[in-house]
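# Remarks on the overall topology
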Amino acid sequence: MSKETQEGITVKKEENFSEWYTQIIQKADLADYSKVKGCMVIKPNAYFIWEQIQDYFNKRLKLLKVRNAYFPLFIPESFFQKEAEHAQGFKPEVAWIEKEEEGERLAVRPTSETVIYDSYSKWIRSHRDLPLRINQWANIVRWETKATRLFIRTREFLWQEGHCVYETEEECDKEAVQFLNEYKKLCEDLLAIPVITGKKSEKEKFAGAYYTLSIESIMPDGRALQMGTSHNLAQNFSKSFNIKFLDQSGKEKLPWQNSWGISTRLIGALAMFHGDDKGLVLPPKVAFSKIVIIPILFKETEEKVLKKAKEIENKLKKYNPILDDRNYSPGWKFNEWELKGTPIRLEIGPKEIDKKQVVLVRRDNNKKEFVKISSITKKIEESLEDMQKNMLEKARKEMQSKVVKVSSFAEFQKAIKGKKAVLVPWCGLRKCEEEIREKSDGAKSINMPFDQPKDLKEKCFNCNDMSLGLWYFAKSY
Ligand SMILES: [Zn+2]
């Protein structure tokens, strides 16, 4: 047998989460660093996950009457200046092309509201042009000065951004919530990631928005990760960009707008939630190869075993199985595919052939079963389905175990120090949030979940003012 060296994850998830994450992303072949600081190379294993997200979401968009389009990467500086809050909010992270074009600099898009709404101002004339619902899949550049982390915070990333225009506040409001709920469904159904849906605070909302809704998760290290947002922009941008329509009675009006997005950050969340000390665990729905077949080879029976393994490979074609007949020991191969996160491993050797069965091992719970070859397709189908469900449940329990409900600042402080997220009655005021941030060494509001207790009477845990409801607070990515 070959003696090639093999290095799995060298730290424990529990002990050094940050290093564990860096290793899992690279060793499971999801992404790599590039020569340009803060940029990443997305490898096929991760790009396939992104494609599944796109496929899933494009189908939903079609049902919701959203069309895909594409707008330029470069945005004239004057567009940015039109919406003051927006310009101010994005100022620190815009990358500029210094070579001027018609007397002004061009920004590399950090988000596309301004460039898209310039087009909308030309396209929208009448109530008959509304609602207008457009999405684009694109790359985004935000010149981060903070430390970067693959998938979680990089200078360039991939995302989708939806931009819709409506006649009325009601429609805009309703659909801003609807798109957020679509994100929740996607995260849970496809990626087995549990999320909290709610509203961001005044301090944390999108620059230029009336309000921002978000999906968030509490990661296994107790830090929150924002995974998607949906902004009601009210008429802020239609005013600045001169988007007007004539209503049914011929009166000129400003439309209401929302914008919403999710990004390749979701792939980072997936690895954080589902990885373990042996490597990645891929939810079956986003695994390119859902099965790896490992033949157990001995000289005398090699031919027979390989022949059977190939038969099984053919039978299971729709799962893109890998038949690993390389010259490594079975143990070496087990480790390799566990590291990469392949959902199901089938082992077949001479003993199994005699009994007309294979050994099936699930990546999520390591459960080992003997399965008759005659019923293998059915068994695989059931196992994949069960695994997908089981992973979401496990992640949900883990997330719940990271949250504590507190009422006072002392309890809050203790929980944050103990690497937990908290649920607290809070006033929602900007000044109060700034004070909390100072006092608590960086904890910030995550969101106010839609799901609220009916008769909350508690006061703000920090300033004792009236509370708006229960909010999540945590340190965040
Ligand atoms: Zn307060």
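What counts, and where the lines are drawn
- All residue numbers here refer to positions counted from 1 along the written sequence of the relevant chain.
- The predicted origin of the model limits local features to residues at a pLDDT of at least 70 and limits the giving and counting of side-chain atom pairs to 80 or more, whereas totals for whole chains, interfaces and linings rest on all residues.
- Elements are defined by DSSP. Helices are runs of H or I of four residues or more, strands are runs of E of two residues or more, and each kind is numbered from the N terminus.
- Computation of the radius of gyration draws on C-alpha atoms, with the globule rule given as 2.2 Å multiplied by the number of residues to the power 0.38.
- Burial is judged by counting other C-beta atoms within 10 Å of a residue's own C-beta: 20 or more means buried, 12 or fewer means exposed, and anything between counts as partly exposed, with every C-beta placed from the backbone.
- Here, residues touch in the contact sense if the C-beta positions derived from the backbone fall within 7 Å of one another.
- Strand pairing requires that DSSP identify at least two bridges connecting the strands.
- Angular values range over 0 to 180 degrees, each being the angle between N-to-C directions of two axes fitted as lines to C-alpha atoms, with helices fitted over their stretch in contact.
- An angle counts as roughly parallel when it lies under 35 degrees, as roughly antiparallel when it exceeds 145, as roughly perpendicular when it falls between 65 and 115, and as oblique in every other case.
- The crossing is said to be left-handed when, going from far helix to near helix, the turn is anticlockwise and less than a right angle, and right-handed when the turn is clockwise.
- Three classes are used: nonpolar for Ala, Val, Leu, Ile, Met, Phe, Trp, Tyr, Cys and Pro, charged for Asp, Glu, Lys and Arg, and polar for all others, with Gly counted as polar.

### Thoughts on the overall build of the chain
Secondary structure assignment for the chain yields 14 helices and 23 strands. Against the 2.2 N^0.38 benchmark of 23 Å for 477 residues, the chain shows a C-alpha radius of gyration of 25 Å, consistent with a compact globule. C-alpha atoms of the chain, sized along the principal axes, occupy 85 × 55 × 45 Å. Per-residue burial for the chain yields a buried fraction of 41% across its 477 residues. Partitioning the intrachain contacts of the chain with sequence separation of at least 6 by distance along the chain shows that 69% fall at a separation of at least 24.

### Comments concerning the pairing of strand β6 (residues 104-108)
When strand β4 (residues 74-76) meets β6, the two strands line up antiparallel, connected through 3 bridges. By the bridge assignment for β6, P76 is matched with L106. Bridge count for strand β5 (residues 95-101) against β6 is 4 bridges, and the pairing is antiparallel. Its bridge partner being in β6, A95 is matched across the sheet by V108. Between β5 and β6, which pair antiparallel and follow one another directly, the connecting turn spans 2 residues, one of which, E102, has a positive phi of 50°.

### Side note on the sheet that holds strand β17 (residues 344-348)
Strand order in the open sheet formed by 5 strands is β16-β15-β17-β18-β19, and the pairing between neighbours is mixed. On the outer flanks of this sheet lie β16 (322-323) and β19 (368-372), each paired with one strand and no other. Bridge count for strand β18 (residues 357-362) against β19 is 5 bridges, and the pairing is antiparallel. Counterpart to Q357 in the pairing with β19 is K372.

### Quick word on the pairing of strand β8 (residues 156-166)
A regular strand places its side chains so that they alternate between the two faces of the sheet. With 8 of 11 residues buried, β8 lies mostly within the body of the structure. The pairing of strand β7 (residues 132-141) with β8 spans 10 bridges and is antiparallel. Paired with A138 across the two strands is W159, which belongs to β8. Sheet analysis places β8 next to strand β14 (residues 256-263), joined by 8 bridges and oriented antiparallel. Bridged to Y166 within β14 is W256.

### A look at the packing of helix α2 (residues 44-63) against helix α8 (residues 265-274)
Taken N-terminus to C-terminus, the directions of α2 and α8 make an angle of 115°; their axes are 10 Å apart at the nearest point. Of the possible angle classes, the one that applies to α2 and α8 is roughly perpendicular. Classified by chirality, the crossing of α8 by α2 is right-handed. When α2 is examined against α8, the residues A46, I49, W50 and I53 are found in contact with a partner set consisting of L266, I267 and L270. Of the residues that constitute the contact of α2 with α8, the class distribution is 7 nonpolar, no polar and no charged.

### Concerning the environment of K244
Looking at where K244 falls in the secondary structure, it is placed in the loop between α7 (236-240) and β12 (245-246). Separated by 119 residues in the primary sequence, K244 and R125 place their C-alpha atoms 6.4 Å from one another. Setting aside anything within four residues of it in sequence, one finds K244 in contact with E252, K253 and L254.

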